[in-house]
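Chain by chain, the residues:
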Amino acid sequence: MKQIAQSIRDRFLKLGIDVPVEDIESRLDELITKFKVPSNEAQRSVTNYFLKKYSIPKNEFYTRQAEPQLTKIMDISENGQWANLKVKVVQLWENTHESISQVGLLGDETGIIKFTEWKNAELPELEQGESYLFRSVVIGEYNGRFQVQLNKNTSIEKLDEVIGVGGGDFTPAARESELRNISDLSGGQWATVKGKVVQLWENSHESIEQAGLIGDPTGVIKFTNWASSELPDMEEGKSYMLKNVVVNEWGGKIQIQLNRSSSIEELDEDIKVGSSTSTYFGAMVDIQTGSGLIKRCPECKRALVKGACPEHGKVKGEYDLRIKAVLDSGTSTQDILINRELTEELAGLSLDTAIAMAADALDPGVVLDTIKHELIGRYYTVTGHKLDRYILVDSITPKTSLDKEMLDEMLSLNETLTKLEVQ
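This one's a predicted model, so the numbers in the text were calculated from it and none came from an experiment.

About the cut-offs
- Residues numbered from 1 in each chain as written.
- Predicted model: local features only at pLDDT ≥ 70, side-chain atom pairs only at ≥ 80, totals over all residues.
- Heavy atoms only, no water.
- Helix = DSSP H or I, 4+ residues; strand = E, 2+ residues; numbered from the N terminus.
- Expected span 1.5 Å × (residues − 1).
- Buried < 20%, exposed > 50% of the residue type's maximum accessible area, 1.4 Å probe, protein only.
- Arc of directions from axis to C-beta.
- Salt bridge = Lys/Arg side-chain N within 4 Å of Asp/Glu carboxyl O.
- Core = buried A, V, L, I, M, F, W, Y, C linked by side-chain atoms within 4.5 Å.
- Contact = heavy atoms within 4.5 Å.

Caption draft 1: Molecular detail of helix α2 (residues 21-34). An ideal rise of 1.5 Å per residue puts 20 Å on 14 residues; α2 measures up with 19 Å between its terminal C-alpha atoms. Those residues of α2 that sit buried are V21, I24, L28 and L31. Looking down the long axis of α2, one finds its buried residues gathered within 105° of arc, a one-sided arrangement. What points out from α2, more than 90 degrees from its buried face, is the exposed set E22 and K34.

Caption draft 2: Here's a closer look at the pattern of salt bridges. In this structure the tally under the stated criterion is 14 salt bridges. The shortest N-O distance in the salt bridge between K158 and E127 comes to 3.2 Å. Remark: E127 occurs in the loop between β3 (111-118) and β4 (131-142) and K158 occurs in strand β6 (residues 155-158); sequence separation between them is 31 residues. Across the pair K196 and D270 runs a salt bridge, and its minimum N-O distance is 2.7 Å. Taken together, the positions of K196 in strand β7 (residues 189-200) and D270 in the loop between β12 (263-267) and β13 (278-287) put the pair 74 residues apart, joining distant regions of the chain.

Caption draft 3: Structural detail: the nonpolar core. Core analysis: the biggest nonpolar cluster contains 26 residues, and M284, I336 and I338 have the highest contact counts within it. Counting residues per element, the ones that place at least two in this core are β13, β17 (318-328), β18 (333-338), α5 (340-347), α6 (351-361), α7 (365-375), β19 (379-387) and β20 (390-399). Those residues in contact with I338 that sit more than four places away from it in its chain are M284, R322, I323, T343, L346, V393 and I396. One finds V87, I139, V148 and I156 within the second-largest nonpolar core, a separate group that totals 19 residues.

Set out below in structure tokens:
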């Protein structure tokens, strides 16, 4: 907090105003610690307080910097801090949300970072491959990664000089991105991926052409092919080379996106997918929060949390059914994720019926209670692709009774474990 307070004081000093750093820190501490105001909002509030106190026009404060102190991307270290950056627009991503003007990647010689330009900031449109001086950007943090936010206080100046990125030109149009294994991908980069389309998901949103899973010998990853990319459709079970895809992260999971800079090349080979299919048998011992009747973002299909999407904010969600459950075999447990179609079949409950139940009870929780009553305690065999800790269930078969062979195996395993405990 001392660093933030000193940064605010330094900016006032440039205008000849010496604001005691203790006063700034005290107000920040009250807002952040006592009233739980987000750091960047607290900074803005404290700054505006002293602007008003010393009768300084906001425009003068935020734009009058003849020689701004620059921050390198690798030196960004705190959520909510302000910074001035000299960077190159490395890549612009597809964006369909009405509150966002542009989103993509910025780079300098020390690294690359995601940026978001909000529409209400009314800033000039950025061009991919061009270099800019950004004054008064705010640093945000999501899932442990820093991001640049361009808002109403930000100013943008296009530069004649070309800012180098990581020691070279990393713009996809300039050179092809590096071929990487799926297990080696990390957020905030682009890459070329060679894999087999494991699964195509049902998609009804006009901005998305295709979405699903693609895998190679090292793992499986979600992909989204935006309609505006105008790329050819892929087929389930076929292998492809996906060049210059964007790699980002959501909820701690890496995913890839195809846009105008990407290309798709069909391959004749049949690429082996690591851990492509898993089968598990056990009793359903728990159905987790986030199951039952949920709402998804109409843009990216992510499940909403308290009516908000982490990427697109408050949206009008679309209803869906799903089950996040835990199976227990007696010796291990396995998390599984069951989609709407299988949930309807398993629980004997259609989406329309679930919506009506929730409306009658004025509580969507009744749907989850009904599903728990029907399924918990019963045995199932599931088959599907394993992604992180989950099996994404393709098929699920209830086991109404244990056959003799399976019972003998369980008794034998139990006897072995008992002997080991005695030893």
